[in-house]
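Residues per chain, in single letters:
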Amino acid sequence: MFLLQLWKEIKVFFTSKGNLLFMFVMPLLLITIFSYALRDYINADYGTFDGAKIYYCEENAGDARIKEFEMIRTKLTQALGVTFESVTDYEAACRAVEKSEAYGVVRVNENGYAYFRSDFNEPEGGKLVRTLFAQMTGNVDDASNEEMVPQVNKIRLNVSKFDSKNYYTFAGLAFSILFMGLLVAFMVYDEKEFGTIERIRLSNAGVPGMVFSKVFTGILCGCVMIGTSYLYSRFVLKVDWGTKTTHILLILLCLCVFSATFGCVVGLAGKNKTVCQSGVMMFSMLCGYLGGSITPLYLLENVPVLNWIIKISPLYYTNRAVSSLYNGVVDEKTTYCIAVLLGLTVVLSLLGIKVGKKVTKKA
């Protein structure tokens, strides 16, 4: 019975011209519009480290240590475009870093390296440079808070430039996936509006089976959107998804699960289609603005107070993780993003169960 219901949902969904139009046009439209209309925001600076600076101070370092550091500086400069500037006043250099005049300060001595960075306004580019520097040097003391620099699974020095097409391929796709929840919300609400939820409750599949089939159909819709966007960006926009494409797809899949679950809960709780539409649209727009799907994250993260508010958006964690993965870096952002998306999905599922019980009682 459940498989028949699932097949019916998939068949009905994919035979709707409106749904097909949404799946194939929505992500491509957003990616194209954002890539060209908002390219001045990116201006080839996001993730390229243009203008990035690192101060360094050599303190009684031996010849071997100095040669080693010169090699590291050369590699980072060639790969990322980061410039290194020698200083003699370490304290003044630290104050300059706090003012965002540089990414950090490296102290070099015969025992190794110490890396100072700002605790409150370190940009994403600075975090990536620090992580790569740590991988190249081994154990590095973090002079700002005495904790070890985060480790990554693999270092990739050939960092790709993140222009508007690269950025909005992923940010626009994530934004579209969040809107996909509206389709699921309408599918669930239709069962209440047409009075079929009572028959479903008495059937072998039951309401849980109906809900799962709607969510699964939404996830399938999201997968089609991802596949369409991949082909469009790869062969039309010439965007290379990088060496961590599998990780990127995993994060986008988690976002699909979250969006479909959210839409299902809204459909169960909504009093009418207008409420469902307003709820999903307002939530998606808010998450899009705060999560970096419209205004790039590097701008939002440099605005006081706002750089904390943006963390309420699931798209913030999605775009943040994908930015690192695009550059071939698997770090804590990936793990944290997946944990946040799946954690929110579990919370929504529990809420949906509670709302679903109330709905079936009224039916």
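Throughout what follows, the structure given in this document is the object of discussion.

How each quantity is defined
Residues numbered from 1 in each chain as written. Predicted model: local features only at pLDDT ≥ 70, side-chain atom pairs only at ≥ 80, totals over all residues. Heavy atoms only, no water. Helix = DSSP H or I, 4+ residues; strand = E, 2+ residues; numbered from the N terminus. Buried < 20%, exposed > 50% of the residue type's maximum accessible area, 1.4 Å probe, protein only. Contact = heavy atoms within 4.5 Å. Areas by Shrake-Rupley, 256 points an atom, 1.4 Å probe, with all protein chains shown as cover. Axes fitted to C-alpha atoms, helices over the stretch in contact; angles between N-to-C directions. Parallel < 35°, antiparallel > 145°, perpendicular 65-115°, else oblique. Left-handed = near helix turned anticlockwise from the far one by under 90°. Nonpolar A, V, L, I, M, F, W, Y, C, P; charged D, E, K, R; others polar. Phe/Tyr/Trp six-rings, centres within 6.5 Å; stacked < 30°, edge-to-face > 60°. Lys NZ or Arg CZ within 6 Å of the ring centre and 35° of its normal. Core = buried A, V, L, I, M, F, W, Y, C linked by side-chain atoms within 4.5 Å.

This part takes up the overall build of the protein. Within the protein one finds 16 helices and five strands. For the protein, the residues scored as buried account for 53% of the 363 residues in total. Long-range contacts, defined here as pairs at least 24 residues apart, represent 75% of the contacts in the protein between residues at least 6 apart. In the structure as shown, the protein presents an accessible area of about 17100 Å², 60% of it carried by carbon and sulfur atoms.

Direction vectors running N to C along helix α7 (residues 164–179) and helix α12 (residues 273–290) enclose 160°, while the axes themselves pass 9 Å from each other. Considering their axes alone, α7 and α12 lie roughly antiparallel with respect to each other. Where α7 crosses over α12, the two elements pack in a sense that is right-handed. Here F175, L178 and F179 of α7 lie close against α12, whose contacting residues are V280, M281, F283, S284, M285, C287 and G288. Here the residues of the contact of α7 with α12 are counted per class, giving eight nonpolar, two polar and no charged.

Attention now goes to the packing of aromatic side chains. A full pass over the atoms with the stated rule returns 20 aromatic pairs. Arranged with centres 5.2 Å apart and planes meeting at 70°, the rings of F13 and F14 form a pair that is edge-to-face. When its relative accessible area of 2% is taken as the criterion, F13 is described as buried. Site record: aromatic cluster; members linked through ring pairs are Y56, F69, F84, Y113, Y115 and F133. For the cation-ring pair, R107 lies above Y90, with the distance from its terminal atom to the ring centre recorded as 4.0 Å. Here K273 stacks its cationic end above the ring of F186, 5.0 Å away from the centre of that ring.

In this structure, L173, I177, M180 and L255 are the most contacted members of the largest nonpolar core, which totals 70 residues. Tallying contributions element by element places helix α11 (residues 245–269) first for this core, with 13 residues. Leaving out residues up to four positions away in the same chain, L255 has contacts with A174, I177, L178, L315, T318 and L341. Core analysis: the second largest hydrophobic core is formed by 20 residues, I72, F84, Y115 and L132 among them.

A word on the packing of α7 against helix α15 (residues 314–326). Contact pair α7 / α15: the axes reach a minimum separation of 10 Å and the direction vectors enclose 150°. By the angle class used here, α7 and α15 are roughly antiparallel. By crossing handedness, the relation of α7 to α15 is classed as right-handed. Contacts between α7 and α15 involve N166, F170, A171, A174, F175 and L178 from the former and L315, T318, N319, V322 and Y326 from the latter. Each residue belonging to the contact of α7 with α15 can be placed in one class, and the counts come to eight nonpolar, three polar and no charged.

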